[in-house]
Amino acid sequence: MKKSLMASLAFASVLLLSACGNSSTTKTTKETTKTEAVASASAQKYADPSTLKDSYDVVIVGSGGAGLSAAIQAKEAGKNPVILEKMATAGGNTTKSSAGMNASQTKFQEAEGIKDSNDKFYEESLKGGHGTNNPELLHYLVDNSASAIDWLDSMGITLSNLTTTGGMSEKRTHRPADGSAVGEYLVAGLLRNASEREIPVFVNAVVNKVNEKDGKVTGVNVNIDGQEKTIASNAVVLTTGGFGANMEMVTEYKPELNGFVTTNQKGSTGDGVVLAKEIGAATVDMGEIQIHPTVEQSTSTLISESVRGEGAILVNQDGKRFFNEMETRDKVSQAIIGLPEKYAYLILDNALTDRAKAVKFYEKRGLVKTADTVEGLAKEIGVPAENLKATLEAWNKAVADKKDSEFGRSTAMDHDLTTGPFHAIKIAPGIHHTMGGLKINTNAQVLKEDGSVINGLYAAGEVTGGVHGANRIGGNAVADIIIFGRQAGAQAAAYLK
């Protein structure tokens, strides 16, 4: 996937143009908004290195969803922020996000009659994290999730299509209106808003030191355009992402993951953790590294959880289901690893491809096996036809009865798998998310080992730890980057007053 980023963006653009609304006026508005968002991403003009100033109110290191949210929020608070991105393009891992953004008690849930609650969102996230999540951070995420959805919507980034992910009992995963992957749409919209606010984004800008004096941040050192520069600032926000692409770091904390593929973009190497630790920052949960159950191994392409959320099932080499597909990621991953072949197949029908637009992208990449009949699909993937046919018949009956007596699945059972052609994607687990990182409080301030704050240093997103505990629920990462990104920007601005 890393090698085909531009192709991904181009294809995502096509998907985003297919949004539809309840009326011709709504449809036109949404399509126009999405067209503008995609155009903003593909035609993004980054700041000329020669225009980098010697000082800024707020320096933001990293240009994913957390960094862009922090910058926009700081700008709205009247400050002058800058974004420094080490890669050649903005977006980071956020660009690769697929499922959506979890939020509870939202206007979009209310419109569909979904009776969700912040308490339920909290309890299910806590259960998913095996009870090890930082309660204060998790409460802050949950309680500010609906307002974050509204904030995005106010900027033309509308996440109105609802689905569910493993470990969630309600449809609280918010996606673009057409059901497509959230990542490119979100990044494009945030970049457009940053551009409108004249927030400079410098790429190929490698921050190699956070400077501090007398316990207060004073700026950063950055290598840009072949030159080392010192940028003065009393507030620095680290939004550099996790370390899922740094295999040396991954295996240092979890040796058993040696040899696993990773879904992370190559810039996710733990830079922010290293930078902050050099000035005394504490870390938490560094050994909590999530593997995602459905990754296509030859390309390291993550197959979105939304595919299962829209009704897909998993079968083994015998053509039989073997686990509840909508369990939490850690449990589904272990079930696949426990198979003799250590891989499985996602099985879906053609109707599902209209609900989960990401499948079109997987088809374009040649990752999907297709046949007109179930028997034909069984032949394509080398499983017993009689078993696969019986499995689908049993599953379709379970959907009709609203009861999965075999494995106890209770969500994502709104649609059967009866519409040909039928499709299969071969998957196995891959390294996906690092739950551990810098220790922060609910003000997004980076903490020292003794619990005191490093004045002027903030962090948000996957560079931090504590929010997700031992296992992250799908859709909570996007919530994390937007909610705590906003908080980091707001608190950095308030610190400067």
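Residues numbered from 1 in each chain as written. Predicted model: local features only at pLDDT ≥ 70, side-chain atom pairs only at ≥ 80, totals over all residues. Heavy atoms only, no water.

In the annotation of an unreviewed UniProt entry, the protein is listed under the name Flavocytochrome c and assigned to Granulicatella elegans ATCC 700633. UniProt's Sequence similarities (unreviewed entry) comment on the protein is quoted here verbatim: "Belongs to the FAD-dependent oxidoreductase 2 family. FRD/SDH subfamily." (UniProt positions renumbered as here; feature names shortened; annotations may be inferred.)

Peer 1: So what's going on with the sheet that holds strand E5 (residues 173-175)? Which residues, and what values?
Peer 2: Read from one edge of the open sheet, three strands run E3-E5-E4, paired in antiparallel fashion. Across the chains shown, the open sheet's two edge strands, defined by having one partner strand only, are strand E3 (101-102) and strand E4 (161-163). Relative to E5, E4 runs antiparallel, the two sharing three bridges. Following the sheet pairing, Leu162 is matched in E5 by His174. (Pairing = 2+ DSSP bridges. Helix = DSSP H or I, 4+ residues; strand = E, 2+ residues; numbered from the N terminus.)

Peer 1: Any details on the packing of helix H15 (residues 374-381) against helix H16 (residues 385-401)? Residues and values, ideally.
Peer 2: Any two packed helices are characterised by how steeply their axes cross, that is the angle between the axes, and by the distance between the axes. Running from N to C, H15 and H16 cross one another at 125 degrees; their axes reach a closest spacing of 8 Å. Between H15 and H16, the crossing angle belongs to the class labelled oblique. The element H15 and its partner H16 pack so that their crossing is right-handed. Between H15, through Val374, Glu375, Leu377 and Ala378, and H16, the contact on the second element is made entirely by Ala385, Leu388, Lys389 and Leu392. Residue composition of the contact of H15 with H16, by class: six nonpolar, no polar and two charged. (Axes fitted to C-alpha atoms, helices over the stretch in contact; angles between N-to-C directions. Parallel < 35°, antiparallel > 145°, perpendicular 65-115°, else oblique. Left-handed = near helix turned anticlockwise from the far one by under 90°. Contact = heavy atoms within 4.5 Å. Nonpolar A, V, L, I, M, F, W, Y, C, P; charged D, E, K, R; others polar.)

Peer 1: Outline the UniProt feature "domain: FAD-dependent oxidoreductase 2 FAD-binding" (unreviewed entry) in the protein, listing residues and values.
Peer 2: The sites that carry the UniProt feature "domain: FAD-dependent oxidoreductase 2 FAD-binding" (unreviewed entry) are, in the present numbering, residues 57-478. Between the end C-alpha atoms of residues 57-478 there is a gap of 26 Å, over a span that is 31% helix and 23% strand.

Peer 1: Tell me about the domain arrangement of the protein, residues and numbers included.
Peer 2: Along its sequence, the protein is organised into domain 1 (50-287 + 434-494) and domain 2 (292-429). Measuring from the centre of the C-alpha atoms in domain 1 to the corresponding centre in domain 2 gives 31 Å. Listed per partner, the contact involves 26 residues of domain 1 and 22 residues of domain 2. The junction of domain 1 with domain 2 conceals about 1800 Å² of combined surface from both sides, 54% of it contributed by carbon and sulfur atoms. (Domains from an automatic or database assignment. Buried area = accessible area lost by both parts, 1.4 Å probe.)

Peer 1: Let's hear about the side chain of Ser304: which residues, and what values?
Peer 2: For Ser304, the position within the fold is in the loop between strand E13 (301-302) and helix H11 (305-309). We classify Ser304 as buried; its relative accessible area is 1%. Beyond its immediate chain neighbours, meaning those up to four positions away, Ser304 contacts Ser98, Ala99 and Tyr362. (Buried < 20%, exposed > 50% of the residue type's maximum accessible area, 1.4 Å probe, protein only.)

Peer 1: Explain the nonpolar core residue by residue, including any values.
Peer 2: By size, the foremost hydrophobic cluster in this structure holds 89 residues, and its most contacted members are Leu84, Leu152, Leu238, Leu457 and Ile482. A per-element tally of this core places helix H17 (residues 476-495) first, with eight residues. With residues near it in sequence (within four places) discarded, Leu457 still touches Val210, Val217, Val236, Leu238, Ala276, Ile279, Ala444, Gln445 and Val446. Listed in part, the 41 residues of the second largest apolar core include Leu348, Ala358, Val383 and Ile425. (Core = buried A, V, L, I, M, F, W, Y, C linked by side-chain atoms within 4.5 Å.)

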